[in-house]
Amino acid sequence: GTASQHKDISLGRADVYKLYAVLDSEDTSATPQLPSFSVTSVSGTFQKGETIQGASSGANAVIINTTNPITFIITNGKDLIANETITGVTTGATATLGTFTAGSKNITERFTLDTGQRDNFYDIARIVRKPGAAAPLGRLLVVYDFFSHGAGDAFTVDSYTSVAGQMQYDDIPI
C-alpha cells in the first residue's frame, strides 16, 4: 500500500539500503516536517547526506537539506545542543548551532525496512509496521538512502564507490 495506515508501505523505489526516519505529522491534513536548526559562523560548505558531529553532545546526524535552516536526522540517539559547534565528517565544514525546530514525531521504531531483494527477484522496497505497533495518525515522511545506477545486469563489490565518504566497504549491503 501507499497510505500511512497500511501495514506494508511501498517506497516506490528499488535499491533502498538504509532507513533513517519515519516521521508522522499526527494530522491527516498536515505535511510532516523534518527537524531543523539555524547556523551561524559557517566555515566551509556542508553537503547533502553528509554526517555531522556535535562537538559537545557527541551527537551524529545526517544532513537532509543544506539550506539554512538545515534539516537533519539524528543517527546515534544523542541530541545536538544549541550553541555547540558541528563539524562535517566528509567536508570538515564547521558551524555554530542556533535555533532548533523539533519537526514531526519520529516513529521509526515502529517499522522495519524490507529492501525487496530476494534470492530469485529484485523488488521495490517497503517499510513494514511491526506486529503490535500503533498505526500512524497522519501523513508520513520517510527518509532513506538508496543506490542509483546506470545500465547493467550484474552488481559486484566494485559497483559501489566511496562517494563523499558515504559508502565504505563495510556499508555495502549483503
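Going by the structure above, here's the rest.
Residues numbered from 1 in each chain as written. Predicted model: local features only at pLDDT ≥ 70, side-chain atom pairs only at ≥ 80, totals over all residues. Heavy atoms only, no water.

Enquirer: How would you explain the environment of Gly-49 if you had to name every residue and give the values?
Expert: By secondary structure assignment, the location of Gly-49 is in the loop between strand 3 (36-43) and strand 4 (51-54). Given a relative accessible area of 22%, Gly-49 falls into the partly exposed group. (Helix = DSSP H or I, 4+ residues; strand = E, 2+ residues; numbered from the N terminus. Buried < 20%, exposed > 50% of the residue type's maximum accessible area, 1.4 Å probe, protein only.)

Enquirer: Provide a residue-level description of the sheet that holds strand 3, including the pertinent values.
Expert: With antiparallel pairing, six strands are arranged side by side around a closed barrel as 3-6-5-4-7-8. For this sheet, the mean angle separating the axes of adjacent strands, direction not counted, is 45°. (Pairing = 2+ DSSP bridges. Axes fitted to C-alpha atoms, helices over the stretch in contact; angles between N-to-C directions.)

Enquirer: So, the packing of aromatic side chains: which residues are in play, and what are the values?
Expert: Summed over the entire model, instances satisfying the criterion amount to four aromatic pairs. Judged by centre distance (4.9 Å) and plane angle (40°), the ring pair of Phe-37 and Phe-72 falls under tilted. Of this pair, Phe-37 sits in strand 3 while Phe-72 sits in strand 6 (residues 70-74); the two residues are 35 residues apart in sequence, bridging distant segments of the chain. Like Phe-37, the residue Phe-72 is buried in the burial classification. For the ring pair Phe-72 and Phe-100, a centre distance of 6.5 Å and an interplane angle of 80° mean the geometry is edge-to-face. Residue Phe-72 is found in strand 6, and its partner Phe-100 is found in strand 8 (residues 94-101); the two are separated by 28 residues along the sequence. With relative accessibility at 5%, the residue Phe-72 sits in the buried group. Under the relative-accessibility criterion, Phe-100 is labelled partly exposed at 32%. In textbook terms, an aromatic cluster arises when at least three aromatic residues are bridged by ring pairs, as seen for Phe-37, Phe-72 and Phe-100. Residue placement shows Arg-13 over the ring face of Phe-146; its charged tip is 3.7 Å from the ring centre. (Phe/Tyr/Trp six-rings, centres within 6.5 Å; stacked < 30°, edge-to-face > 60°. Lys NZ or Arg CZ within 6 Å of the ring centre and 35° of its normal.)

Enquirer: Please set out the environment of Thr-87 residue by residue, giving values where relevant.
Expert: Positionally, Thr-87 belongs in strand 7 (residues 85-88). Of the residues examined, Thr-87 reaches a relative accessible area of 30% and is grouped as partly exposed. With 33 residues separating them in the primary sequence, Thr-87 and Gly-54 have C-alpha atoms 6.8 Å apart. Among all residues touching Thr-87, those that are not within four sequence positions of it are Phe-46, Thr-51, Ile-52, Gln-53, Gly-92, Ala-93 and Thr-94. (Contact = heavy atoms within 4.5 Å.)

Enquirer: So what's going on with unusual backbone geometry? Residues and values would help.
Expert: Of note, the amide linkage connecting Asn-68 to Pro-69 takes the cis form, showing an omega dihedral of 5°. Mapping Pro-69 onto the fold places it in the loop between strand 5 (60-65) and strand 6. Despite not being glycine, Asp-15 shows a phi value in the positive range, around 70°. The residue Asp-15 is located in the loop between strand 1 (8-10) and strand 2 (16-24) in this model. Positive phi, normally seen in glycine, also occurs at Ser-41, with a value near 50°. Looking at the secondary structure, you find Ser-41 in strand 3.

Enquirer: I'd like to hear about the pattern of salt bridges, residue by residue, with values.
Expert: Inspection of every chain in the model, using the stated rule, returns three salt bridges. With its nearest N and O atoms 2.8 Å apart, the salt bridge here joins Arg-118 to Asp-114. Given a relative accessible area of 36%, Arg-118 falls into the partly exposed group. Judged by relative accessible area, which is 13%, Asp-114 ranks as buried. Residue Arg-126 is joined to Asp-114 by a salt bridge in which the shortest nitrogen-to-oxygen separation is 2.7 Å. (Salt bridge = Lys/Arg side-chain N within 4 Å of Asp/Glu carboxyl O.)

Enquirer: Before we move on, could you go through the nonpolar core and cite the residues and values that matter?
Expert: Of all hydrophobic cores here, the largest spans 14 residues; its most connected members are Phe-37, Val-39, Phe-46, Ile-52, Leu-80 and Ile-86. Counting residues per element, the ones that place at least two in this core are strand 3, strand 5, strand 6 and strand 8. When residues no more than four places from it in sequence are discounted, the contact partners of Phe-46 are Ile-52, Ile-63, Thr-66, Ile-70, Ile-86, Thr-87, Gly-88, Thr-91, Ala-93, Thr-94 and Ala-95. Counting nine residues, the second-largest nonpolar core is a separate cluster that includes Leu-11, Ile-107, Phe-111 and Ala-125. (Core = buried A, V, L, I, M, F, W, Y, C linked by side-chain atoms within 4.5 Å.)

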